[in-house]
Every structure is written in C-alpha cells, then in structure tokens.
Amino acid sequence: MHIAVTNRDDGITLVGLAGTIDINTAPALRDTMHQLLDEGRTRIVIDLAGVTFCDSIGLGTFAYTRNHCQAAGGFVRLAAPTPFMARLLRTVGLAGPIPVHATVTEALHPDTSAA
C-alpha cells in the first residue's frame, strides 16, 4: 500500500491511498492517522481511488479516525471509492456516518459541489 499525505493551505489534510489495505499494510495506515491526530489535524479527506481491497482493520481505522476527528470538531470524508469500496462501505454501514463523495473535489468542497 502507498500512502501520500498533503497538508493543504485550507487546513484540510488529503490522504491518498493506493493498493490493498489488509493485515500486513493496515498498521502503516493506522500509524499515519495517529500521527495526523497527534499533530491536531482533524479535517481529513481520504482518497480511495487507488484502493483495490480493504479488510476490517482498514475499515476500523477509518471509523476510529472519524470518531476522533468528530470529537475534536473536525471531520473525515472518504473520496472516489472504487465500486468495490463503495459497496463495502455501504454493506458495513460506514457510508453515512462517514460521508462518501464521488470525487476528491466534492469531498474537499461539499457545499459547492452540488451547485
């Protein structure tokens, strides 16, 4: 799995993921999210366009991060999921508690993307 973190000027952190999120790679994702939270970064958009597989450890990391961001007044938004990921997020009930957007642009600017 590849993780790319971009701290944007608007205070939103964009986390780009590519590859599989499983028992072997999820610890790197969890460590990245813990580091962001430790730095006070609580406005996070996660780009899922490159994710080909995600197991329960990865899903749990999304939920954990969302709970901590929300408690601090921030948010987690998921962006550009593949059809597999979109179906998985709906099936396990994360789509809803964690907003899922069709594109990164929508996730970064949800109030203006519907216009």
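No experiment lies behind these values; they were computed from the predicted model shown.

Visitor: With reference to specific residues and values, describe the side chain of Arg66.
Guide: Considering the arrangement of structural elements, one finds Arg66 in helix H2 (residues 56-71). Here Arg66 occupies a buried position and makes no salt bridge, while the nearest side chain of opposite charge, Asp111, is found at 16 Å. Apart from residues lying up to four places away in sequence, Arg66 is in contact with Val76, Pro97 and Ile98.

Visitor: Tell me about the pattern of salt bridges, residues and numbers included.
Guide: Across all of its chains, the model carries one salt bridge by this definition. Across the salt bridge formed by Asp10 and Arg8, the nearest N and O atoms sit 2.6 Å from each other. Residue Asp10 is classed as partly exposed on the basis of its relative accessible area, which comes to 30%. Given a relative accessible area of 28%, Arg8 falls into the partly exposed group.

Visitor: Can you break down helix H3 (residues 83-91) residue by residue, with the values?
Guide: The α-helix advances 3.6 residues per turn, and as a result positions three or four apart in sequence lie on the same side. Buried within H3 we find Met85, Ala86, Leu88 and Leu89. One side of H3 carries all its buried residues, which in axial view fall inside an arc of 165°. Opposite the packed face of H3, turned more than 90 degrees from it, sit the exposed residues Pro83, Arg90 and Thr91. Residues of H3 that are buried sit in contact with strand E3 (43-54), H2, strand E4 (75-79) and strand E5 (100-101). Phi for Gly93, located one or two positions after H3, is positive at around 85°.

Visitor: Just give me the short version of the nonpolar core, but keep the residues and values in it.
Guide: Ranked by size, the top nonpolar core spans 23 residues in total, and within it Leu17, Ile21, Ile46, Leu48, Cys54, Phe62 and Met85 carry the most contacts. Those elements that place two or more of their residues in this core are strand E2 (13-21), helix H1 (26-38), E3, H2, E4 and H3. For Ile21, the contacting residues outside a window of four places in its chain are Met1, Ala26, Leu29, Val51, Phe53, Cys54, Asp55, Gly58 and Phe62. If you look at the next biggest cluster of nonpolar residues, it comprises eight residues, including Ile12, Val45, Ala79 and Ala107.

Visitor: Provide a residue-level description of the packing of aromatic side chains, including the pertinent values.
Guide: According to the stated counting rule, one finds one aromatic pair in the structure shown. Plain terms: the ring middles of Phe53 and Phe84 are 6.1 Å apart, the flat faces sit at 15° to each other, and that makes the pair stacked. Residue Phe53 is located in strand E3, and its partner Phe84 is located in helix H3; the two are separated by 31 residues in the primary sequence. The exposure class of Phe84 is partly exposed, given its relative accessible area of 30%.

Visitor: I'd like a description of the sheet that holds E4, backed by residues and values.
Guide: As summarised here, the arrangement of the five strands in space is E1-E2-E3-E4-E5, forming an open sheet in which the pairing is mixed. Sheet topology places strand E1 (2-7) and E5 at the edges, where each strand pairs with a single neighbour. Sheet analysis places E1 next to E2, joined by six bridges and oriented antiparallel. Considered in E2, the bridge of Ile3 is made with Leu17. In the packing of H2 onto the sheet, the strands contacted are E2, E3 and E4, and the crossing angle to E3 comes to about 175°.

Rules of the game
Residues numbered from 1 in each chain as written. Predicted model: local features only at pLDDT ≥ 70, side-chain atom pairs only at ≥ 80, totals over all residues. Heavy atoms only, no water. Helix = DSSP H or I, 4+ residues; strand = E, 2+ residues; numbered from the N terminus. Buried < 20%, exposed > 50% of the residue type's maximum accessible area, 1.4 Å probe, protein only. Lys, Arg positive; Asp, Glu negative; His and termini not counted. Salt bridge = Lys/Arg side-chain N within 4 Å of Asp/Glu carboxyl O. Contact = heavy atoms within 4.5 Å. Arc of directions from axis to C-beta. Core = buried A, V, L, I, M, F, W, Y, C linked by side-chain atoms within 4.5 Å. Phe/Tyr/Trp six-rings, centres within 6.5 Å; stacked < 30°, edge-to-face > 60°. Pairing = 2+ DSSP bridges. Axes fitted to C-alpha atoms, helices over the stretch in contact; angles between N-to-C directions.

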